Structures are given as structure tokens and as C-alpha cells.
Amino acid sequence: MLDPQARALLELMIEKRVPPVHTLAPAEARRFYAERRTFTQPEPPPLADVRALATDTGLPLRLYRPAEGRLALLVYFHGGGWTIGDLDTHDVVCRTLALASGCAVLAVDYRLAPEHRFPAAVDDAVAAVRWARREAAALGVDPARVAVGGDSAGGNLAAVAAIAARDAHDPLAAQLLIYPVTDMRAGAPSHTTNGQGYLLTNDSIGWFRGHYVPDEALWSDWRASPLLAADLTRLPRALVLTAGYDPLRDEGLQYADALSAAGNRVQYVCFERQIHGFVTMGRVLDEAGTALALAGGFLREALAPLAA
């Protein structure tokens, strides 16, 4: 069954006449998404250090440090269909992951579509990872213990960044993929079974994709659809989380299976009663905290320092 808390949220959104994202212009959609977080997200937990940064090319970043010392690092990409979302919409998620994992978290404010179409977000994601490793000493992190992570579109960017790092002979230590987009063709069965009524709809997916990668010929590019990458071997260990009532559920499972089939170390967990986007909604969905605690434990183990 659908989680009663998720059902209540969906019913409230209908009652309040929250407009579906695909009916809005991008600027309006960004505003609605940003405003909604005050209702669905918990209060931001305090951290030892939170600071604004930027790469040498001006890409905005936000660094979260839960403690002093030389920490492992998670480079995190927010969700929002490559069109909405920013550092503030995922501030609580990043803080929570930092506390749960004991790692520093570097959130990346990558360029958004339609102003910046594919592969601009990919380029920013790859550049942010390279910058973080290059600046590890200044950030107070261990360049050998760097992971990538993200939710939805951010999960897509994290998966792509992990492949790019391997291809650059600079492999990462782990990847956290939360209901990731892995196949831009959107043909998995859950796109049919969960395509209407559960917050993220087929219409919304088409809206996001139309802004980010409108050229159908590019959907099979592995940088848009990492599931279609020719080589998925030698990738960092992964935790893939999905939601049972999410159109993206099956492509997340397909990616986990493909990673496993290629010989990688993979854990897959589906929150069967949840909807897309649930990990950002800890004020109203209890399982958001459960999922982030699970993710934090995975990162703590995967990024633990090697024994001397």
C-alpha cells in the first residue's frame, strides 16, 4: 500500500491546488519548489561548519563539515529534473547526510535547463568533482575518500560523474544514487504503472526532459542515460535507493542490476510504500529519515579510512 503519510501529502496538494510542474514556466516551477520546502522539510540541523564556496570558474558550491579533522567527502548533486532545485532546496538533506555519515558534503549548484541544456549539468558535475579532489587540502578532506551522490536528476549526474572519473583514471570511492534517472527513454514498466497520481508524473518527466535534452537523438548518450553506457565495469561501490510508487523505480533497479552484472559491489533498497522525492520531506514523511540514515551508514562504511 501507499504510505498513509504520502497519501495524506498527495491529497493535501490536491486540496491546496498545487499546480503540477508541467503546467508552469521554469521560473515559476523553481519558485513553487523552493517555497514548498518550508512545509515538507525539517528544521536544518546545526553543523560544525557550513560555508559558501565556488570553483575557479565560478560554479557555486556549499561545503558542510560535521567535525574537525581530515574527513571523507561526498560531492552531492540536487534533484529537480535538471530544471529546478538549488543549494537551498537540498540544504537539509546535505546537513543530514553529513551528520549521519561523518563525512564532509560538497553541494553543487550546477547550471539548470532550459537556459543551459545537456550536457551543461554533466560538465559542471564532472568539473566539481575534479575541483574538489584538486582542492582537497584546502577543504580539509581526503582525496582518496571521495564519493558522489544525488537524488533523481542529481542521481543521474552522480552516476555519470562516477563513470567519467573512472575513464579519467581517477576512480571514486563510492556512489549514492537516490531514485536516479538512468534511461532518458523512460520505457521501464514503472513509467506506466506509476506514471500518474504519485507526484512525479509522465507529463512532468516529459517537461523536465524537454527542457534538459529535447533532442531525442541524444537520449541514448551515456551522459544522459548511464544505463546505456558501453562499459559499467570498475565502478565504485554503490547504494541505489528507489521508491515503490515512483515512475523511476524500475530504471533504478535496472541500473543496480547492470552494475552488479558488471562485477561491481552494489546494494539496492526499495522503499516500497514511498513516492518520488520522499527523502527531502522529513517533516511529513517518517521514512525520509530512515532512508537518509541508511545512506549515511553506507557512506560511513564505504569511506572509512584504510587501516594503517
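Residues numbered from 1 in each chain as written. Predicted model: local features only at pLDDT ≥ 70, side-chain atom pairs only at ≥ 80, totals over all residues. Heavy atoms only, no water.

The name that an unreviewed UniProt entry assigns to the protein is Acetyl hydrolase, with the source organism given as Rubrivivax gelatinosus. The heading Sequence similarities (unreviewed entry) in the UniProt record of the protein holds the text "Belongs to the 'GDXG' lipolytic enzyme family." (UniProt positions renumbered as here; feature names shortened; annotations may be inferred.)

Under the present numbering, the feature "domain: Alpha/beta hydrolase fold-3" (unreviewed entry) in UniProt falls on residues 74-279. Each end of residues 74-279 is marked by a C-alpha atom, and these two atoms are 17 Å apart; helix forms 35% of the span and strand 18%. (Helix = DSSP H or I, 4+ residues; strand = E, 2+ residues; numbered from the N terminus.)

The next point concerns helix 6 (residues 153-167). Since the α-helix turns once every 3.6 residues, residues separated by three or four places project in the same direction. With 15 residues, helix 6 ought to run about 21 Å at 1.5 Å a step, and its terminal C-alpha atoms sit 21 Å apart, in line with that. Among the 15 residues in helix 6, 14 count as buried, and that is most of the element. At the C-terminal side of helix 6, H169 shows a positive phi close to 60 degrees. (Expected span 1.5 Å × (residues − 1). Buried < 20%, exposed > 50% of the residue type's maximum accessible area, 1.4 Å probe, protein only.)

What follows concerns the state of the cysteines. The final tally for this structure, using the stated rule, is zero disulfides. A disulfide-free cysteine, C103 has its sulfur positioned 12 Å from the sulfur of C94, the nearest such atom. On the basis of relative accessible area, C103 is assigned to the buried category, the value being 3%. (Disulfide = S-S within 2.5 Å.)

Here we take up the pairing of strand 1 (residues 49-54). As paired elements, strand 1 and strand 2 (residues 60-65) share six bridges and run antiparallel to each other. Residue pairing across strands places R51 opposite L63, the latter belonging to strand 2. (Pairing = 2+ DSSP bridges.)

So, about the packing of aromatic side chains. Taken as a whole, this structure holds six aromatic pairs when the rule is applied. Aromatic side chains W82 and Y212 sit 4.4 Å apart centroid to centroid with 5 degrees between the ring planes, which places their arrangement in the stacked category. With W82 in the loop between strand 3 (71-77) and helix 3 (91-101) and Y212 in helix 8 (residues 202-212), this residue pair connects regions lying 130 residues apart in the sequence. Here W82 and Y212 have matching classes, each one buried. On the basis of an interplanar angle of 85 degrees and a centroid distance of 5.7 Å, the ring pair of F118 and Y212 is categorised as edge-to-face. You can see F118 sitting in the loop between strand 4 (104-108) and helix 4 (120-134) and its partner Y212 sitting in helix 8, a full 94 residues away along the chain. Grouping residues by exposure puts F118 and Y212 together as buried. Chaining the aromatic ring pairs together yields one cluster made of W82, F118 and Y212. Lying across the ring of F32, R31 places its NZ or CZ 5.0 Å from the centre. (Phe/Tyr/Trp six-rings, centres within 6.5 Å; stacked < 30°, edge-to-face > 60°. Lys NZ or Arg CZ within 6 Å of the ring centre and 35° of its normal.)

This next bit is on the pattern of salt bridges. One pass over the full model with this rule turns up 21 salt bridges. With a shortest N-O distance of 3.1 Å, D91 and R62 are connected by a salt bridge. A residue pair is termed long-range when its members are at least 10 positions apart, and D91 in helix 3 and R62 in strand 2 qualify at 29 residues. Summarising the burial analysis for this pair, D91 and R62 share the class buried. A salt bridge links R237 to E301, with the shortest nitrogen-to-oxygen separation between them at 3.8 Å. With R237 in strand 7 (residues 237-243) and E301 in helix 10 (residues 286-302), the pair connects residues that are 64 residues apart, well separated along the chain. For R237, a relative accessible area of 13% gives the class buried. In the salt-bridge network here, residues are joined through shared partners; they are R62, D88, D91 and R95. (Salt bridge = Lys/Arg side-chain N within 4 Å of Asp/Glu carboxyl O.)

The subject of this paragraph is the pairing of strand 4. Taken across its five residues, strand 4 has five buried, putting it largely inside the fold. Both strand 2 and strand 4 contribute to a ladder of four bridges, which runs antiparallel. The partner of R62 across the bridge, within strand 4, is A107.

By the burial criterion, the buried members of helix 8 are S204, I205, W207, F208, R209, H211 and Y212. Where helix 8 is buried, its residues meet helix 2 (26-40), helix 4, helix 6 and helix 7 (190-193). (Contact = heavy atoms within 4.5 Å.)

Let us look at the nonpolar core. Across soluble globular proteins, you tend to see nonpolar side chains buried next to one another. Counting 65 residues, the largest nonpolar core has L73, V75, F77, V148, L157, Y212 and Y255 as its most contacted members. For this core, the element with the highest residue contribution is helix 6, accounting for ten residues. If you look at the next biggest cluster of nonpolar residues, it comprises 40 residues, including A98, C103, L176 and V279. (Core = buried A, V, L, I, M, F, W, Y, C linked by side-chain atoms within 4.5 Å.)

Let us now look at the side chain of N156. By secondary structure assignment, the location of N156 is in helix 6. Within the structure, the side chain of N156 is placed 3.1 Å from the backbone oxygen of V181, a separation counted as a polar contact. When residues no more than four places from it in sequence are discounted, the contact partners of N156 are W82, P180, V181, R223, A224 and P226. (Polar contact = N/O pair within 3.5 Å; in protein donor to acceptor, adjacent residues only side chain to side chain.)

Bringing the side chain of R95 into the picture now. In this fold, R95 is placed in helix 3. On the basis of relative accessible area, R95 is assigned to the buried category, the value being 15%. In this structure the side chain of R95 is engaged in a polar contact, spanning 2.8 Å, whose partner is the side chain of D91. Residue contacts for R95: discarding those within four places in its chain leaves P44, P45, P46, L47, V50 and Y64.

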